[in-house]
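Structure at a glance
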Amino acid sequence: MITEKIKKQTPTEYEIHPLVKERWSPRAFSSKIITDTDIHQLLEAGRWAPSSNNLQPWRIIWGLEGTETYNRIFDCLVEFNQGWAKGAPALMLGAIKKDMKDGKENFHALHDLGLFMGNVLTQAQSMNIALHQMAGIDYEKAAKEFGFPDNYHVATATAIGYYGGNPASLPSDLQEQETKEKRERKSQNEFAFNGNFKK
Ligand SMILES: Cc1cc2nc3c(=O)[nH]c(=O)nc-3n(C[C@H](O)[C@H](O)[C@H](O)COP(=O)(O)O)c2cc1C
């Protein structure tokens, strides 16, 4: 069922691009299918993200609803996330290669996976596709399930689908959050300092 896209208020302190301003993380998605090409377009945007030493430490597992890979990713989500993500048209796991070529730890790998996902988010937004990222996964199970060696860490999962889902399809406790009008953030002066760090 395709319902009207929920638009959230994003009370910005300064003007920002609509692709950033209008993004939010739904838990209910439109029933419009996500195609292989959609996924490859998103991954292509991620591919061109910057990374420390151009090491590109991100590794992605993805699957479309109705496939075995999708079900295997789904089985790695914690129960809470399974509760709402079961209708998502696509699921993805984001992993990092933890070390560099010389075997030393790549301290920037998670940072770079974040940049990859930032590109994916913005590309998705331009296609009216929404992402909902999840830390709530059994990362050890996921690494084993998909055959990652020990020097990799499965960090997150992501549910992917078009905006326009029906909030009524969600467990009742999540419906209120889905339809909440306003997005919230810390004020800039709580996290950015033109000088010394302040608590
Ligand atoms: C790395 C990461 C992990 C997250 N983990 C979860 C999760 O396990 N379950 C969930 O429902 N939402 C999860 N979220 C979604 C956040 O709660 C959401 O992005 C945040 O509340 C801001 O909302 P917005 O994206 O709509 O602006 C996660 C987001 C990120 C970036």
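Every chain is numbered independently, its residues counted from 1 as its sequence is written. Reporting in this predicted model follows two pLDDT cut-offs: at least 70 for local features of residues, and 80 or more for side-chain atom pairs to be given and counted; totals over whole chains, interfaces and linings ignore these cut-offs and use all residues. The side-chain values count all of the structure's non-hydrogen atoms but skip hydrogen atoms and water molecules.

Let's talk about the overall build of the protein
Helix and strand labels come from DSSP, where a helix needs a run of H or I of at least four residues and a strand needs a run of E of at least two; each type is numbered from the N terminus. If you tally the helices and strands in the protein, you get eight helices and four strands. Its helices and strands in sequence order give the protein the pattern α-α-β-α-α-β-α-β-α-β-α-α, from N to C terminus. The size measure is the radius of gyration over C-alpha atoms, and the globule rule it meets is 2.2 Å times the number of residues to the 0.38 power. Relative to its length of 199 residues, the protein is compact, with a C-alpha radius of gyration of 18 Å against a globular reference of 16 Å. Dimensions of the protein, computed from the C-alpha atoms along their principal axes, are close to 50 × 50 × 30 Å.

Considerations on the UniProt feature "domain: Nitroreductase" (unreviewed entry) in the protein
The positions that UniProt labels "domain: Nitroreductase" (unreviewed entry) are, in the present scheme, residues 20–62 and 79–162. Annotated as 33% helix and 12% strand, the span residues 20–62 places its first and last C-alpha atoms 24 Å apart. UniProt positions are given in the numbering used here, feature names are shortened, and annotations may be inferred rather than shown by experiment.

What to know about the site of the ligand
Neighbouring the ligand are 14 residues, the closest being S25, R27, N81, H132 and A135. Polar contact is defined as a pair of N or O atoms within 3.5 Å, subject to the rule that within protein one atom must be able to donate a hydrogen and the other to accept it, and that residues adjacent in sequence are counted only when both atoms are side-chain atoms. Interatomic distance of 3.1 Å between a side-chain N/O atom of R23 and an oxygen atom of the ligand. In this structure, N81 approaches the ligand through a side-chain N or O atom, which is 2.8 Å from a nitrogen atom. Counting residues per element, the ones that place at least two in the shell around the ligand are α4 (79–85) and β3 (129–134). A single heavy atom is enough: if one lies within 4 Å of a molecule or strand, its residue is considered near that molecule or strand.

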